[in-house]
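Reading the structure
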Amino acid sequence: MADHGARRLVLCVIGTRPEAIKMAPVVRALGVRPGLRPIVLKTGQHDGAVDEILETFGIEADFDLGFLSRRAALERAVRELSDSIAGVLAAVRPGVVLVQGDTTSALAGAWASRRRGVLLGHVEAGLRSGNLRAPFPEEANRVVIAQLAALHFAPTAEARENLLREGIEPASIWLTGNTVIDALRAVSDRLDQRGESCQTERRTILVTAHRRDSWGAPLERICRAVAEIHDRYPDVEIRWPLHPNPCVAETVTRALGALARVRLTGPLPYLAFVAAMKQAALILTDSGGIQEEAPALGKPVLVLREETERPEVLALGVARLVGRDPERIVHEVSRLLEDESAYARMARGGSPYGDGQAAQRIARISQARLDGRDGFSAAVQARITPRTA
Ligand code: UDP
């Protein structure tokens, strides 16, 4: 690593699939800036899925810590990962460390950079559900990372407000938009160029659920709703790419595996998943990233959670919070399948998450800090602020 010029390295920590998707555009944007070099550290929290995404975006990891979270208790996982990342930082001596989101890997990366005294940037800063117990441990991770970071890349004005409320220095917060839109656009354009059929099949419902707080009884109730929708609408097909976690796959397969028009598969590669979103009439999910992507593709989203840290999509009317009550889920799905104008209102598209240029902004700001500049003046800050919806 000796020839990298220590002051111009930006080390990007990637643990899980969503981190890989949201960090990939940043790695690419850093890579095309003269004088900067991204160093990609893969923790191994999710393994195959991350490799697949890095490959999709033509990125090679520089470090692979081979860590699998399922084998360790949460606290031990953070400590062990943080030790390993600190070891890499000591060897590489980057000028900036970037972590994304709210995972164990992001928290461990943040601790490690604090321990090594390396400037920390947080991509997708400022999301809050307002409840430390839900989602757990993500909400707690976000709050702690915000206290450790020196650069906060907020995807929306609401996220910026959340950080200000917690006393974060205003000049350290940058409103960039969400890098998920950058990734989505790149992949969606690629699908369009290939001419792959992405026409809306009015009657395909795409479902995903994986969050820890959905496991067990809530997931069984979601499955009951899906079975009811299947029985009520013979022209509807349900497509459910299952999260690899056995807690999810076993429950769903037991409940829905025998139904004729429920297609259960393993997790889809990102390209195939974006194609599936484009083909779906509507999407049921507890995922954070999909709440951001689906509206940008003009797909109504019913959020299988009791609360969301993404209130912007609710305010815009392109997503609705439906929880895990089977009756409520079936009611909301039926409304969209039967009432064309209700469907059209939610499917009109529009995204509060920016213009697909978030990664470039993050790369520019990181470089400015490495160059010893302060970033941008207030006037430039106003100019780079992404337009929403
Ligand atoms: N995704 C994917 N394949 C799948 C399911 C999801 O590539 O089979 C993508 C999806 O497009 C989104 C991200 O994975 O960008 C969301 O990941 P997940 O739901 O696991 O995590 P969250 O966003 O809730 O943190």
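Data block above holds the structure.
Residues numbered from 1 in each chain as written. Predicted model: local features only at pLDDT ≥ 70, side-chain atom pairs only at ≥ 80, totals over all residues. Heavy atoms only, no water.

1. With respect to the environment of Leu 271
Counting through the fold element by element, Leu 271 comes out in helix α10 (residues 270-279). Taking relative accessible area as the criterion, Leu 271 reaches 15% and is therefore assigned buried. Residues Leu 271 and Leu 184 lie 87 residues apart in sequence; the distance between their C-alpha atoms is 9.2 Å. For Leu 271, the contacting residues outside a window of four places in its chain are Val 187, Arg 190, Leu 191 and Arg 194. (Helix = DSSP H or I, 4+ residues; strand = E, 2+ residues; numbered from the N terminus. Buried < 20%, exposed > 50% of the residue type's maximum accessible area, 1.4 Å probe, protein only. Contact = heavy atoms within 4.5 Å.)

2. A short note on helix α3 (residues 74-92)
Here α3 is 19 residues long and its end C-alpha atoms lie 27 Å apart, about the 27 Å a rise of 1.5 Å per residue gives. Buried within α3 we find Ala 77, Val 78, Leu 81, Ser 82, Ile 85, Ala 86, Val 88, Leu 89 and Val 92. Looking straight down α3, one finds that the buried residues subtend no more than 160° of arc, so they occupy a single side. Exposed residues lying more than 90 degrees from the buried face of α3 are Arg 79 and Ala 91. Contact partners of the buried residues in α3: β1 (9-14), β2 (37-42), β3 (63-64), β4 (96-100) and α4 (104-116). Following α3 by one or two positions, Arg 93 has its phi on the positive side, about 50°. (Expected span 1.5 Å × (residues − 1). Arc of directions from axis to C-beta.)

3. So, the packing of aromatic side chains
This model, assessed by the stated rule, comprises one aromatic pair. Considering the side-chain rings of Phe 57 and Tyr 270, the 6.4 Å spacing of their centres and the 35° angle between planes classify their relative orientation as tilted. With Phe 57 in the loop between α2 (48-56) and β3 and Tyr 270 in helix α10, this pair connects stretches of sequence that are 213 residues apart. For the pair Phe 57 and Tyr 270, a shared accessibility class is recorded, and that class is buried. (Phe/Tyr/Trp six-rings, centres within 6.5 Å; stacked < 30°, edge-to-face > 60°.)

4. Some remarks on the site of the ligand
Of all residues adjacent to the ligand, which total 16 residues, the nearest are Leu 268, Ser 287, Gly 288, Gly 289 and Glu 293. Between an oxygen atom of the ligand and a main-chain N or O atom of Gly 289, the distance comes to 2.7 Å. Its free accessible area being 540 Å², the ligand has 93% of it covered by the protein chains. Secondary-structure elements contributing two or more residues to the shell around the ligand are α1 (17-31), α10 and α11 (288-296). (Near = heavy atom within 4 Å. Polar contact = N/O pair within 3.5 Å; in protein donor to acceptor, adjacent residues only side chain to side chain. Areas by Shrake-Rupley, 256 points an atom, 1.4 Å probe, with all protein chains shown as cover.)

5. Considerations on the sheet that holds strand β11 (residues 282-285)
In a beta sheet, neighbouring strands are held together by backbone hydrogen bonds and run either parallel or antiparallel to one another. Judged by pairing direction, the sheet is parallel, and its six strands sit side by side in the order β10-β9-β8-β11-β12-β13 without closing on themselves. A single partner strand is all that each edge strand has here, and the edge strands are β10 (262-265) and β13 (319-321). In this sheet, neighbouring strand axes are inclined to one another by 20° on average, regardless of whether the strands run parallel or antiparallel. In this sheet, β10 lies alongside strand β9 (residues 237-241) in parallel orientation, the contact comprising four bridges. Within the sheet, the bridge partner assigned to Arg 239 lies in β10 and is Arg 263. Packed on one face of the sheet, α10 meets β8 (204-208), β9 and β11 and runs near 135° to β8. Sitting on the sheet, α11 touches β8, β11 and β12 (301-303), and the angle it makes with β11 is about 170°. (Pairing = 2+ DSSP bridges. Axes fitted to C-alpha atoms, helices over the stretch in contact; angles between N-to-C directions.)

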